[in-house]
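Chain residues, written in single-letter form:
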Amino acid sequence: MYKVEEGKIQLENGSISEGLIAIASGKGGVGKSTVTVNLAISLAKAGKKVGILDADIHGFSIPRIIGLKDEAKTKDNKTIIPPKSFNIKVISMGSFVDERNPVVWRAPLLSGALQQFMQDVEWGELDYLLLDLPPGTGDMALDIMQNLPHAEVLVVTTPQPTAVHVAGRIGKAAEKLDVDVLGVIENMSYFRCDDCGHKEYIFGQGGGKDLAKELNTDLLGQLPLDPIARQASDDGLPIVEAKKELEISKVYKKISETITSKNTEFDPNKKPISLQNGPACH
Ligand code: ADP
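Cut-offs used in this document
Each chain has its residues counted from 1, following the order in which its sequence is written. Given that the model is predicted, a residue must reach a pLDDT of at least 70 before its local features are reported, and side-chain atom pairs must reach 80 or more before they are shown or counted; all residues, however, enter totals for whole chains, interfaces and linings. With hydrogens and water stripped out, all remaining heavy atoms of the structure feed into the side-chain values. Orientation is described by lines fitted to C-alpha atoms, with helices fitted over the stretch in contact, and by angles between N-to-C directions that extend from 0 to 180 degrees. Secondary structure is summarised from DSSP: a helix means a run of H or I of at least four residues, a strand means a run of E of at least two, and numbering begins at the N terminus for each. For this classification, under 35 degrees means roughly parallel, over 145 means roughly antiparallel, 65 to 115 means roughly perpendicular, and everything else is oblique. Whether a crossing is left-handed or right-handed is set by the direction in which the near helix is turned from the far one by less than a right angle, anticlockwise for left-handed and clockwise for right-handed. By definition in these notes, contact holds between two residues if any of their heavy atoms fall within 4.5 Å. Here the term charged refers only to Asp, Glu, Lys and Arg, the term nonpolar to Ala, Val, Leu, Ile, Met, Phe, Trp, Tyr, Cys and Pro, and the term polar to all other amino acids, Gly among them. In a helix, the anticipated span is given by 1.5 Å times the number of residues less one. Relative accessibility thresholds used throughout: buried, under 20% of the residue-type maximum; exposed, over 50%; partly exposed, between the two (1.4 Å probe, protein chains only). UniProt positions are given in the numbering used here, feature names are shortened, and annotations may be inferred rather than shown by experiment. In the sections that follow, a salt bridge refers to a side-chain nitrogen of Lys or Arg positioned within 4 Å of a carboxyl oxygen of Asp or Glu. Residues belong to one nonpolar core when they are buried, are Ala, Val, Leu, Ile, Met, Phe, Trp, Tyr or Cys, and are joined through side-chain atoms within 4.5 Å.

**A look at the packing of helix α5 (residues 161-176) against helix α6 (residues 207-214)**
Helices that pack against each other are described as a pair by the angle of their axes relative to one another and the distance between those axes.
Next up, step 1: It is the contact of α5 with α6, at a shortest axis distance of 10 Å, that shows an interaxial angle of 25 degrees. Compared by their axis directions, α5 and α6 come out roughly parallel. For the element pair α5 and α6, the recorded crossing hand is right-handed. Residues V164, A167, G168 and K172 of α5 form the contact with α6, whose own contacting residues are G207, G208, L211 and E214.
Next up, step 2: Broken down by class, the residue content of the contact of α5 with α6 amounts to three nonpolar, three polar and two charged.

Put into structure tokens, the structure is as follows:
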């Protein structure tokens, strides 16, 4: 699917020089896709070239959140030119099927889609490729981790114990598959009262920190619950673009700075498993 040369991931039609980040969550609705988009834009604002591969093939929502207007185009009927929004190259099932239509593919076809998205998309020279994984530890998420051993998993969770408990499984799966965990992001950590500035911990406290400790990684940031951010996501104008002065946008900026300050070296000794060589075993 790719090879590592001169410290870069070399794709068929592009390269990744700084990070292949798989954004994961234990369950849906914790804000994984919203985090993917806002993080991508924050990285781009820091001068990085960024792509998003929406691997949440059944539940794709990236095109809506990032306000993608253009469709993917093909060149010579072989390579796919990814559309851009806010300077981010995006490829998603949503570029090929209508949001209201279910994708009725089963595992082998889905794995094929991932391979095609990695190989046939004209990614060009990227610094970061962010993969929005499907929630949980289903086949697709595990296949991706297994087939992209250079990915680092970034776990998104909300602070309550049940969410943290299920998110822990994805971290354990990464550990078993020898994939590094980049860190934990706690989303919807608190709601700050507009009038008095008081923080209300609606979903409890401490989950992200506990999870980071359990996974032996860092808590990269705690994002507030912000109705303006929710609205921005629904409108396809991500909050870091719409209102960069808000607390939530500043936390995103800080997280992206932490990520860019880490010096990722892609290990040439780790070998990606080609899906053509047979199905991944778990
Ligand atoms: P997931 O990808 O985990 O299923 P989404 O990114 O689709 O979750 O987010 C679920 C909902 O929560 C969306 O309506 C989104 O706008 C909202 N949301 C995400 N993060 C926040 C936040 N920090 N504050 C308020 N709403 C948020």
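**Describing helix α1 (residues 32-45)**
Next up, step 1: Over its 14 residues, α1 extends 20 Å from the first C-alpha to the last, a length consistent with the 20 Å expected when each residue adds 1.5 Å.
Next up, step 2: Summarising burial for α1: 12 of the 14 residues are buried, a large majority.
Next up, step 3: By the burial criterion, the buried members of α1 are K32, S33, V35, T36, V37, N38, L39, A40, I41, S42, L43 and A44.
Next up, step 4: Downstream of α1 by one or two residues, G47 has phi in the positive range, about 95 degrees.

**Looking at the UniProt feature "binding site: ATP" (unreviewed entry) in the protein chain**
Next up, step 1: Taking the UniProt record as the reference, the feature "binding site: ATP" (unreviewed entry) is found at G26, K27, G28, G29, V30, G31, K32 and S33.
Next up, step 2: Here G28 is to be found in the loop between β3 (14-25) and α1.
Next up, step 3: On the basis of relative accessible area, G28 is assigned to the partly exposed category, the value being 46%.

**Topic: the pattern of salt bridges**
Next up, step 1: Tallied over the entire structure, the rule returns 11 salt bridges.
Next up, step 2: K75 is the partner of E122 in a salt bridge, and the nearest nitrogen-oxygen pair spans 2.7 Å. One end of the pair, E122, is in the loop between α3 (107-119) and β9 (124-132); the other, K75, is in strand β5 (residues 73-75), and 47 residues separate them in sequence.
Next up, step 3: With its nearest N and O atoms 3.4 Å apart, the salt bridge here joins K253 to E257. One end of the pair is K253 and the other is E257, both in helix α9 (residues 247-261) and four residues apart, which spans about a single turn.
Next up, step 4: The exposure class of E257 is partly exposed, given its relative accessible area of 39%.
Next up, step 5: A single salt-bridge network, built from bridges that share partners, covers K32, D56 and D132.

**Looking at the nonpolar core**
The tendency in soluble globular proteins is for nonpolar side chains to be buried as a group.
Next up, step 1: If you look at the biggest cluster of nonpolar residues, it comprises 47 residues, and the most contacted ones within it are L20, L53, M118 and L148.
Next up, step 2: Only β2 (8-11), β3, α3, β9, α4 (139-147), β10 (152-157), α5 and α6 provide two or more residues apiece to this core.
Next up, step 3: Ignoring anything within four residues of it in the chain, the contact list for L148 reads M1, Y2, L20, M118 and L131.
Next up, step 4: V37, A40, L130 and V251 belong to the second-largest nonpolar core, a separate cluster that totals 36 residues.

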